[in-house]
Amino acid sequence: MKFYHSLPSYSKVVFRKMSRAVRQSQKAAPVCLPDVADYEPRKFLRCHGNSDDDGIKVWSCAFEPSPHKPGETGNILATCGRDTVCLIDVLTGKIMKRFKDPDKENFYSLAWTVLEQEGKCASILAVAGEGGAVKMIYPDQLVVYDVIRGHRRGINCLCFHSSEPRLLFSGSTDRSIMLWDIGLPGMKVVNHSPLLQINLSDMVGDPLSLMFSASSNTLVSATEKGCFGWALGRVSHLASSKDVIKTPKMSFQHPEDGCSLETIDGLVSLGGGFVATKRVGAGEILVWNLEEHMKSKAKNISITPFVKLQCSKTDVKYISLGYSAGLLCLGDNEGKIYLYNLKDLPKTSMPLLKPSRVLEWPQVDNLKTDKEGEVVINTVAISSDHRFIIGGTDNNLVCVWQQI
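Parameters and conventions
- Every chain's residues receive numbers from 1 upward, in the order its sequence appears when written.
- For this predicted model, a pLDDT threshold of at least 70 governs which residues receive local features, and a threshold of 80 or more governs which side-chain atom pairs are given and counted, while totals over whole chains, interfaces and linings are taken from all residues.
- Hydrogens and waters are ignored; side-chain quantities use all the structure's heavy atoms.
- Elements are defined by DSSP. Helices are runs of H or I of four residues or more, strands are runs of E of two residues or more, and each kind is numbered from the N terminus.
- Here the term buried applies to any residue with accessible area under 20% of the maximum for its type, exposed to any over 50%, and partly exposed to those in between, with areas from a 1.4 Å probe on protein chains only.
- When DSSP locates at least two bridges between a pair of strands, those strands are taken to pair.
- Angles run from 0 to 180 degrees between N-to-C directions of axes, and those axes are lines fitted to C-alpha atoms, restricted for helices to the stretch in contact.
- Each cavity reported here is a set of points on a 1 Å grid over the protein atoms alone in which a 1.4 Å probe fits but cannot get out, each pocket an open set with protein on both sides within 12 Å along at least five of seven lines, and each lining residue one with an atom within 4 Å of a point.
- Grid points are joined across faces, edges and corners, and a volume is the space filled by probe spheres set on the points.
- Residues are grouped as follows: nonpolar covers Ala, Val, Leu, Ile, Met, Phe, Trp, Tyr, Cys and Pro; charged covers Asp, Glu, Lys and Arg; every other residue, Gly included, is treated as polar.
- Aromatic rings from Phe, Tyr and Trp, taking only the six-membered ring of Trp, are treated as a pair when their centres fall within 6.5 Å; an angle between ring planes under 30 degrees marks them as stacked, one over 60 as edge-to-face, and anything in between as tilted.
- pLDDT expresses, on a scale from 0 to 100, how confident the predictor is about each individual residue.
- Contact between two residues is taken to exist if any of their heavy atoms lie within 4.5 Å; hydrogens are not considered.
- What we call a nonpolar core is a set of buried Ala, Val, Leu, Ile, Met, Phe, Trp, Tyr and Cys residues that are connected through their side-chain atoms within 4.5 Å.

Draft legend 1. Spatial organisation of the environment of Trp361. Turning to its location among the elements, Trp361 is positioned in the loop between β31 (357-359) and β32 (377-382). Spatially, the C-alpha atom of Trp361 lies 10.0 Å from that of Glu374, the residues being 13 residues apart in sequence.

Below, the structure written as C-alpha coordinates:
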(Lines give C-alpha, C1' and ligand atoms only; values in the text may rest on other atoms or scores of the structure.)
Protein backbone atom coordinates (compact mmCIF):
# COMPACT_ATOMS: atom_id res chain seq x y z
CA MET A 1 0.00 0.00 0.00
CA LYS A 2 1.27 3.48 -0.91
CA PHE A 3 0.77 6.46 1.35
CA TYR A 4 -0.20 9.77 -0.24
CA HIS A 5 -1.13 12.33 2.36
CA SER A 6 -0.54 16.05 2.54
CA LEU A 7 1.42 17.48 5.42
CA PRO A 8 -0.41 19.83 7.81
CA SER A 9 -0.01 23.53 7.11
CA TYR A 10 2.24 24.17 10.10
CA SER A 11 4.97 21.93 8.71
CA LYS A 12 5.87 24.52 6.03
CA VAL A 13 5.97 21.74 3.44
CA VAL A 14 3.10 21.65 0.94
CA PHE A 15 2.57 18.85 -1.56
CA ARG A 16 0.74 19.32 -4.85
CA LYS A 17 -0.20 17.14 -7.78
CA MET A 18 2.05 17.07 -10.81
CA SER A 19 0.73 17.70 -14.30
CA ARG A 20 -0.27 14.72 -16.43
CA ALA A 21 2.60 15.43 -18.82
CA VAL A 22 5.13 15.25 -16.02
CA ARG A 23 3.62 12.03 -14.66
CA GLN A 24 3.87 10.44 -18.10
CA SER A 25 7.53 11.42 -18.39
CA GLN A 26 8.60 9.94 -15.06
CA LYS A 27 9.95 6.75 -16.59
CA ALA A 28 11.99 8.61 -19.18
CA ALA A 29 14.07 10.75 -16.84
CA PRO A 30 14.10 12.06 -13.28
CA VAL A 31 12.00 15.16 -12.68
CA CYS A 32 13.61 18.24 -11.19
CA LEU A 33 12.36 19.72 -7.95
CA PRO A 34 11.36 23.41 -7.82
CA ASP A 35 14.38 25.70 -8.03
CA VAL A 36 16.03 27.48 -5.10
CA ALA A 37 18.20 30.58 -4.94
CA ASP A 38 21.86 30.24 -5.83
CA TYR A 39 24.67 30.41 -3.29
CA GLU A 40 28.29 31.50 -3.43
CA PRO A 41 31.21 30.34 -1.25
CA ARG A 42 32.18 33.07 1.22
CA LYS A 43 34.41 31.60 3.94
CA PHE A 44 36.54 28.47 4.27
CA LEU A 45 37.71 28.22 7.86
CA ARG A 46 40.17 25.88 9.55
CA CYS A 47 39.37 26.34 13.22
CA HIS A 48 39.87 22.83 14.67
CA GLY A 49 43.59 22.44 15.25
CA ASN A 50 46.31 24.21 13.30
CA SER A 51 45.56 25.99 10.03
CA ASP A 52 47.75 23.53 8.11
CA ASP A 53 46.26 20.43 9.78
CA ASP A 54 44.04 18.82 7.14
CA GLY A 55 43.64 15.48 8.92
CA ILE A 56 40.82 16.62 11.23
CA LYS A 57 37.24 15.61 10.43
CA VAL A 58 34.50 18.11 11.20
CA TRP A 59 31.72 15.75 12.27
CA SER A 60 28.84 17.99 13.27
CA CYS A 61 27.58 21.56 12.90
CA ALA A 62 24.37 23.33 13.87
CA PHE A 63 23.05 26.89 14.08
CA GLU A 64 22.20 28.27 17.51
CA PRO A 65 18.41 28.51 17.94
CA SER A 66 16.88 31.84 18.86
CA PRO A 67 15.91 31.80 22.57
CA HIS A 68 12.93 34.07 21.93
CA LYS A 69 11.74 33.08 18.42
CA PRO A 70 10.97 29.34 18.21
CA GLY A 71 11.94 27.84 14.87
CA GLU A 72 14.41 30.59 14.03
CA THR A 73 18.20 30.64 14.22
CA GLY A 74 20.78 33.37 14.58
CA ASN A 75 24.20 33.87 13.01
CA ILE A 76 26.14 31.72 15.47
CA LEU A 77 27.18 28.27 14.30
CA ALA A 78 28.56 25.50 16.52
CA THR A 79 30.99 22.98 15.05
CA CYS A 80 32.97 20.08 16.46
CA GLY A 81 36.08 18.32 15.22
CA ARG A 82 38.74 16.35 17.05
CA ASP A 83 38.82 17.68 20.65
CA THR A 84 37.53 21.18 19.84
CA VAL A 85 34.17 22.94 19.74
CA CYS A 86 33.95 26.28 17.93
CA LEU A 87 31.34 29.02 17.85
CA ILE A 88 31.50 30.94 14.58
CA ASP A 89 29.72 34.11 13.46
CA VAL A 90 28.88 33.19 9.87
CA LEU A 91 28.22 36.83 8.93
CA THR A 92 31.82 37.84 9.59
CA GLY A 93 33.57 34.47 9.51
CA LYS A 94 35.01 35.27 12.93
CA ILE A 95 35.59 32.48 15.42
CA MET A 96 33.89 33.90 18.49
CA LYS A 97 34.90 31.21 20.97
CA ARG A 98 36.83 27.96 20.95
CA PHE A 99 36.55 25.20 23.57
CA LYS A 100 39.31 22.60 23.72
CA ASP A 101 38.45 19.51 25.74
CA PRO A 102 40.81 19.14 28.73
CA ASP A 103 40.46 15.35 28.47
CA LYS A 104 41.59 15.52 24.81
CA GLU A 105 38.65 13.37 23.73
CA ASN A 106 37.37 13.66 20.17
CA PHE A 107 33.87 15.09 19.70
CA TYR A 108 31.46 13.48 17.22
CA SER A 109 28.11 15.12 17.87
CA LEU A 110 26.43 18.26 19.18
CA ALA A 111 22.87 19.47 19.71
CA TRP A 112 21.23 22.72 20.84
CA THR A 113 18.29 23.28 23.14
CA VAL A 114 16.60 26.34 24.70
CA LEU A 115 15.85 26.29 28.42
CA GLU A 116 13.71 28.68 30.45
CA GLN A 117 14.83 29.53 33.97
CA GLU A 118 13.44 32.27 36.22
CA GLY A 119 11.56 33.79 33.31
CA LYS A 120 14.63 33.98 31.06
CA CYS A 121 15.36 31.81 28.03
CA ALA A 122 18.86 30.76 27.05
CA SER A 123 20.36 28.40 24.50
CA ILE A 124 22.44 25.47 25.77
CA LEU A 125 24.84 23.29 23.80
CA ALA A 126 25.37 19.56 24.38
CA VAL A 127 28.48 17.90 22.92
CA ALA A 128 29.71 14.31 23.09
CA GLY A 129 32.22 11.93 21.56
CA GLU A 130 34.69 9.16 22.18
CA GLY A 131 34.77 9.59 25.96
CA GLY A 132 31.18 8.42 26.35
CA ALA A 133 30.16 11.52 28.34
CA VAL A 134 27.80 14.34 27.39
CA LYS A 135 29.19 17.78 28.23
CA MET A 136 26.75 20.63 28.75
CA ILE A 137 28.10 24.02 27.70
CA TYR A 138 27.08 27.63 28.24
CA PRO A 139 27.65 29.18 24.79
CA ASP A 140 28.20 32.70 26.18
CA GLN A 141 31.21 31.62 28.23
CA LEU A 142 31.87 28.33 26.39
CA VAL A 143 32.45 26.57 29.68
CA VAL A 144 31.25 23.11 30.71
CA TYR A 145 28.73 23.42 33.55
CA ASP A 146 27.74 19.75 33.78
CA VAL A 147 28.90 16.32 32.60
CA ILE A 148 26.50 13.41 32.10
CA ARG A 149 28.10 9.97 32.30
CA GLY A 150 26.50 6.60 31.66
CA HIS A 151 27.73 5.14 28.38
CA ARG A 152 30.69 2.77 28.41
CA ARG A 153 31.97 3.77 24.96
CA GLY A 154 31.87 6.70 22.55
CA ILE A 155 28.71 8.64 21.70
CA ASN A 156 27.89 9.01 17.98
CA CYS A 157 24.71 11.05 18.12
CA LEU A 158 22.60 13.38 20.26
CA CYS A 159 19.00 14.46 19.88
CA PHE A 160 16.78 16.62 22.08
CA HIS A 161 13.12 15.74 22.54
CA SER A 162 11.18 17.89 20.09
CA SER A 163 8.73 19.27 22.69
CA GLU A 164 10.54 18.77 26.02
CA PRO A 165 13.79 20.77 25.88
CA ARG A 166 15.28 19.13 29.01
CA LEU A 167 15.11 15.60 27.60
CA LEU A 168 18.15 14.42 25.65
CA PHE A 169 18.71 11.15 23.77
CA SER A 170 22.26 9.85 23.27
CA GLY A 171 23.34 6.96 21.03
CA SER A 172 26.60 5.12 21.70
CA THR A 173 28.92 2.50 20.22
CA ASP A 174 28.30 0.52 23.41
CA ARG A 175 25.13 -0.46 21.53
CA SER A 176 22.76 1.57 23.67
CA ILE A 177 20.52 4.63 23.46
CA MET A 178 19.85 6.53 26.68
CA LEU A 179 17.39 9.26 27.62
CA TRP A 180 18.48 11.92 30.11
CA ASP A 181 16.90 14.80 31.98
CA ILE A 182 19.65 17.41 31.71
CA GLY A 183 18.00 19.59 34.36
CA LEU A 184 18.62 23.32 34.51
CA PRO A 185 21.93 25.15 34.80
CA GLY A 186 22.80 25.57 38.46
CA MET A 187 20.94 22.46 39.60
CA LYS A 188 23.13 20.21 41.73
CA VAL A 189 22.97 16.68 40.37
CA VAL A 190 25.55 14.30 41.84
CA ASN A 191 24.86 11.38 39.50
CA HIS A 192 22.69 11.44 36.42
CA SER A 193 20.62 8.30 35.91
CA PRO A 194 19.04 7.56 32.53
CA LEU A 195 15.26 7.77 32.37
CA LEU A 196 15.30 5.13 29.67
CA GLN A 197 17.84 2.73 28.21
CA ILE A 198 17.51 0.93 24.88
CA ASN A 199 19.94 -1.91 24.32
CA LEU A 200 20.80 -2.62 20.69
CA SER A 201 21.71 -6.08 19.44
CA ASP A 202 24.26 -7.03 16.79
CA MET A 203 21.32 -7.22 14.38
CA VAL A 204 20.79 -3.48 14.86
CA GLY A 205 24.37 -2.22 15.08
CA ASP A 206 25.72 1.10 16.31
CA PRO A 207 23.32 4.08 16.28
CA LEU A 208 24.41 6.82 13.86
CA SER A 209 21.56 9.33 14.01
CA LEU A 210 18.49 9.89 16.20
CA MET A 211 15.15 11.59 15.63
CA PHE A 212 12.12 11.94 17.90
CA SER A 213 8.60 12.54 16.58
CA ALA A 214 6.42 14.15 19.25
CA SER A 215 3.25 13.68 17.20
CA SER A 216 3.57 9.88 17.40
CA ASN A 217 5.89 9.70 20.46
CA THR A 218 8.31 7.65 18.40
CA LEU A 219 12.09 7.49 18.56
CA VAL A 220 13.79 6.54 15.29
CA SER A 221 17.45 5.60 14.89
CA ALA A 222 19.54 5.23 11.77
CA THR A 223 22.15 2.54 12.42
CA GLU A 224 24.90 0.50 10.82
CA LYS A 225 22.35 -2.24 10.08
CA GLY A 226 19.22 -0.31 9.11
CA CYS A 227 16.50 1.98 10.47
CA PHE A 228 14.62 1.13 13.68
CA GLY A 229 11.91 2.66 15.82
CA TRP A 230 10.44 2.58 19.32
CA ALA A 231 7.03 3.83 20.44
CA LEU A 232 7.89 5.43 23.78
CA GLY A 233 4.62 6.84 25.06
CA ARG A 234 4.03 10.15 26.78
CA VAL A 235 6.62 12.30 28.50
CA SER A 236 5.06 11.75 31.93
CA HIS A 237 5.65 8.03 31.49
CA LEU A 238 9.25 8.54 30.35
CA ALA A 239 10.05 10.74 33.33
CA SER A 240 9.19 7.99 35.80
CA SER A 241 9.73 4.75 33.89
CA LYS A 242 13.50 4.06 33.98
CA ASP A 243 12.76 1.18 31.61
CA VAL A 244 15.29 -0.98 29.81
CA ILE A 245 14.19 -1.94 26.29
CA LYS A 246 15.99 -4.87 24.68
CA THR A 247 14.39 -5.19 21.24
CA PRO A 248 13.23 -2.69 18.60
CA LYS A 249 9.51 -2.08 18.34
CA MET A 250 9.80 -1.95 14.56
CA SER A 251 12.28 -2.12 11.69
CA PHE A 252 11.76 0.25 8.76
CA GLN A 253 13.12 -1.51 5.71
CA HIS A 254 14.38 0.38 2.67
CA PRO A 255 13.35 -1.00 -0.74
CA GLU A 256 15.63 -3.54 -2.41
CA ASP A 257 17.61 -1.53 -4.92
CA GLY A 258 20.62 -3.69 -5.67
CA CYS A 259 22.65 -1.94 -2.96
CA SER A 260 24.52 -4.42 -0.78
CA LEU A 261 25.16 -1.96 2.06
CA GLU A 262 22.85 -1.94 5.08
CA THR A 263 23.99 1.29 6.72
CA ILE A 264 21.48 4.14 7.06
CA ASP A 265 23.58 7.23 7.80
CA GLY A 266 21.02 9.94 7.00
CA LEU A 267 17.91 10.64 9.08
CA VAL A 268 16.04 13.88 9.60
CA SER A 269 12.54 15.03 10.53
CA LEU A 270 10.69 17.13 7.94
CA GLY A 271 7.76 17.99 10.21
CA GLY A 272 4.18 16.85 10.05
CA GLY A 273 5.13 13.22 10.62
CA PHE A 274 7.37 13.04 7.54
CA VAL A 275 11.01 11.95 7.64
CA ALA A 276 13.89 11.62 5.17
CA THR A 277 16.35 8.72 5.27
CA LYS A 278 19.45 7.86 3.23
CA ARG A 279 21.03 4.48 2.70
CA VAL A 280 24.76 4.38 1.93
CA GLY A 281 25.41 3.66 -1.75
CA ALA A 282 21.74 3.71 -2.81
CA GLY A 283 21.93 7.06 -4.63
CA GLU A 284 18.57 8.21 -3.28
CA ILE A 285 16.91 9.83 -0.29
CA LEU A 286 13.51 8.50 0.72
CA VAL A 287 10.80 10.88 1.95
CA TRP A 288 8.13 8.95 3.84
CA ASN A 289 5.37 9.35 6.38
CA LEU A 290 6.38 7.91 9.74
CA GLU A 291 2.90 8.20 11.25
CA GLU A 292 1.27 6.29 8.42
CA HIS A 293 3.87 3.53 8.63
CA MET A 294 3.35 3.35 12.40
CA LYS A 295 -0.23 2.20 11.78
CA SER A 296 1.12 -1.15 10.61
CA LYS A 297 1.10 -3.85 13.28
CA ALA A 298 4.02 -5.63 11.66
CA LYS A 299 7.47 -5.58 13.25
CA ASN A 300 9.22 -5.37 9.88
CA ILE A 301 7.71 -2.51 7.87
CA SER A 302 8.66 -1.92 4.24
CA ILE A 303 9.06 1.79 3.57
CA THR A 304 6.70 3.12 0.91
CA PRO A 305 8.26 6.46 0.01
CA PHE A 306 6.21 9.53 -0.80
CA VAL A 307 9.00 10.48 -3.20
CA LYS A 308 12.62 9.56 -3.87
CA LEU A 309 15.28 12.24 -4.20
CA GLN A 310 18.35 11.66 -6.35
CA CYS A 311 21.76 11.99 -4.65
CA SER A 312 25.32 10.68 -4.96
CA LYS A 313 25.84 6.91 -4.99
CA THR A 314 29.04 7.18 -2.99
CA ASP A 315 29.80 4.33 -0.61
CA VAL A 316 31.53 6.73 1.80
CA LYS A 317 29.76 6.40 5.14
CA TYR A 318 28.63 8.95 7.73
CA ILE A 319 27.46 11.74 5.42
CA SER A 320 24.46 13.20 7.24
CA LEU A 321 21.37 15.10 6.11
CA GLY A 322 20.46 18.66 7.10
CA TYR A 323 17.05 20.33 7.04
CA SER A 324 15.45 23.68 7.83
CA ALA A 325 12.08 25.17 6.91
CA GLY A 326 11.48 23.26 3.68
CA LEU A 327 15.09 23.02 2.48
CA LEU A 328 16.89 19.66 2.65
CA CYS A 329 20.65 19.45 2.10
CA LEU A 330 23.28 16.72 1.70
CA GLY A 331 27.01 16.65 0.99
CA ASP A 332 29.04 14.03 -0.88
CA ASN A 333 32.63 12.85 -1.38
CA GLU A 334 33.39 15.40 -4.13
CA GLY A 335 32.73 18.53 -2.11
CA LYS A 336 29.25 19.02 -3.59
CA ILE A 337 26.17 20.08 -1.64
CA TYR A 338 22.78 18.92 -2.95
CA LEU A 339 19.81 21.22 -2.26
CA TYR A 340 16.20 19.96 -2.29
CA ASN A 341 13.29 22.41 -2.20
CA LEU A 342 10.51 20.59 -0.35
CA LYS A 343 8.25 23.60 0.12
CA ASP A 344 6.31 22.81 -3.03
CA LEU A 345 7.07 19.14 -3.51
CA PRO A 346 5.17 17.38 -6.30
CA LYS A 347 2.81 14.61 -5.25
CA THR A 348 3.78 11.75 -7.54
CA SER A 349 3.83 8.00 -7.84
CA MET A 350 7.44 7.82 -6.71
CA PRO A 351 9.65 9.23 -9.46
CA LEU A 352 13.31 9.87 -8.74
CA LEU A 353 13.42 13.65 -8.33
CA LYS A 354 16.56 15.59 -9.20
CA PRO A 355 17.94 18.13 -6.71
CA SER A 356 16.77 21.73 -6.99
CA ARG A 357 20.41 22.79 -7.18
CA VAL A 358 23.90 21.36 -6.69
CA LEU A 359 26.64 23.58 -5.25
CA GLU A 360 29.93 22.56 -6.84
CA TRP A 361 33.17 22.55 -4.87
CA PRO A 362 35.09 25.74 -5.73
CA GLN A 363 38.79 26.16 -6.34
CA VAL A 364 40.43 26.61 -2.95
CA ASP A 365 44.10 27.59 -2.76
CA ASN A 366 46.57 25.48 -0.75
CA LEU A 367 44.02 22.74 -0.14
CA LYS A 368 45.26 19.25 0.63
CA THR A 369 43.10 16.14 0.38
CA ASP A 370 43.73 12.50 1.22
CA LYS A 371 42.71 11.50 -2.30
CA GLU A 372 43.10 13.61 -5.40
CA GLY A 373 39.89 15.53 -5.99
CA GLU A 374 38.08 14.07 -2.98
CA VAL A 375 36.59 16.33 -0.33
CA VAL A 376 34.02 14.61 1.87
CA ILE A 377 31.35 16.90 3.32
CA ASN A 378 30.34 14.99 6.44
CA THR A 379 27.78 17.38 7.86
CA VAL A 380 25.58 20.26 6.68
CA ALA A 381 23.57 22.96 8.44
CA ILE A 382 21.07 25.52 7.13
CA SER A 383 20.03 28.79 8.76
CA SER A 384 16.28 29.16 9.28
CA ASP A 385 16.08 31.97 6.71
CA HIS A 386 18.11 29.90 4.20
CA ARG A 387 20.62 32.72 3.90
CA PHE A 388 23.54 30.47 4.88
CA ILE A 389 24.42 26.85 4.16
CA ILE A 390 27.34 25.27 5.99
CA GLY A 391 29.42 22.23 5.13
CA GLY A 392 31.87 20.50 7.50
CA THR A 393 34.53 18.42 5.75
CA ASP A 394 36.89 15.56 6.55
CA ASN A 395 39.92 17.80 5.86
CA ASN A 396 39.30 20.33 8.63
CA LEU A 397 37.21 22.91 6.79
CA VAL A 398 34.04 24.73 7.75
CA CYS A 399 32.62 26.02 4.46
CA VAL A 400 30.22 28.97 4.54
CA TRP A 401 27.95 29.44 1.51
CA GLN A 402 25.80 32.58 1.33
CA GLN A 403 22.66 33.13 -0.71
CA ILE A 404 23.19 35.43 -3.66
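Draft legend 2. Molecular detail of the environment of Leu327. By the secondary structure assignment, Leu327 is in strand β27 (residues 327-331). Looking at Leu327, the relative accessible area reads 3%, which means it is buried. Distance from Leu327 to Ser384, taken between C-alpha atoms, is 9.2 Å for residues 57 residues apart in sequence.

Draft legend 3. Expanded view of the pairing of strand β17 (residues 218-223). Counting buried residues along β17, 6 of its 6 residues qualify, which places the element largely inside the surrounding structure. Burial of β17 is two-sided: the residues Thr218, Val220 and Ala222 facing one way and the residues Leu219, Ser221 and Thr223 facing the other way are all buried. Looking at chain direction, strand β16 (residues 207-213) and β17 are connected through 6 bridges and run antiparallel. Its bridge partner lying in β17, Phe212 is registered against Leu219. In this sheet, strand β18 (residues 226-231) lies alongside β17 in antiparallel orientation, the contact comprising 6 bridges. Residue pairing for β18: Ala222 is matched across the bridge by Cys227. Counted between consecutive antiparallel strands, the loop separating β17 from β18 contains 2 residues.

Draft legend 4. Summary view of the sheet that holds strand β33 (residues 388-393). Spatial ordering of the open sheet is given by β3-β34-β33-β32, a layout of 4 strands whose pairing is antiparallel. With one partner strand each, in any of the chains shown, β3 (39-45) and β32 form the two edges of the open sheet. Each strand axis lies, on average, 20° off the axis of its neighbour in the sheet, ignoring direction. Summarising the sheet, β32 and β33 pair through 5 bridges and their orientation is antiparallel. Bridge pairing in β33 places Ile382 opposite Ile389.

Draft legend 5. Representation of empty space enclosed by the protein within the structure. Tallying each qualifying case throughout the model produces 3 cavities of 30 Å³ or more. One number sums up the size of the largest cavity: a volume of about 60 Å³. Elements represented by at least two residues in the lining of the largest cavity include exactly β22 (274-279) and β27. Of the residues belonging to the lining of the largest cavity, the class tally is 5 nonpolar, 5 polar and 2 charged.

Draft legend 6. Representation of the packing of aromatic side chains within the structure. Tallied over the entire structure, the rule returns 6 aromatic pairs. Here Tyr138 and Tyr145 contribute two aromatic rings whose centre-to-centre distance is 4.7 Å and whose plane-to-plane angle is 35°, an arrangement assigned as tilted. What makes Tyr138 partly exposed here is its relative accessible area of 28%. When the centroid spacing of 5.6 Å and the interplanar angle of 20° are considered together, the rings of Phe169 and Phe212 count as stacked. Of the two residues, Phe169 sits in strand β13 (residues 167-172) while Phe212 sits in strand β16, which places them 43 residues apart along the sequence. Neither Phe169 nor Phe212 differs from the other in exposure class; each is buried.

Draft legend 7. Structural detail: unusual backbone geometry. Of note in the backbone geometry, Arg175 takes a positive phi value of approximately 65° without being a glycine. Within the element layout of this structure, Arg175 appears in the loop between β13 and β14 (176-181). For Arg175, a relative accessible area of 26% gives the class partly exposed. Of note in the backbone geometry, Tyr318 takes a positive phi value of approximately 70° without being a glycine. As for its placement among the helices and strands, Tyr318 is situated in the loop between β25 (307-310) and β26 (321-324).

Draft legend 8. Region of the structure containing the pairing of strand β7 (residues 94-100). Here strand β6 (residues 84-89) pairs with β7 via 6 bridges, running antiparallel. Across the sheet, the residue bridging to Thr84 is Lys100, located in β7. Counted between consecutive antiparallel strands, the loop separating β6 from β7 contains 4 residues, among which Gly93 sits at a positive phi close to 80°.

Draft legend 9. Spotlight on the confidence of the model for the protein chain. In this model, the protein chain carries a mean pLDDT of 86, and residues with pLDDT of at least 70 account for 85%. Across residues 1-28, where pLDDT falls below 50, the model places 58 contacts with residues more than four positions away in sequence or in other chains.

Draft legend 10. The nonpolar core, seen in detail. Membership of the largest hydrophobic core comes to 22 residues, with the highest contact counts inside it found for Leu270, Ile285, Leu309, Leu328, Tyr340 and Leu342. Of all elements in the fold, only β21 (264-271), β22, β23 (284-289), β25, β26, β27 and β28 (337-341) reach the threshold of two or more residues within this core.

Draft legend 11. How the structure looks around the environment of Phe228. Its place among the elements puts Phe228 in strand β18. With relative accessibility at 7%, the residue Phe228 sits in the buried group. For Phe228, the contacting residues outside a window of four places in its chain are Met203, Val204, Leu219, Val220, Ser221, Thr223, Pro248, Met250, Ser251 and Phe252.

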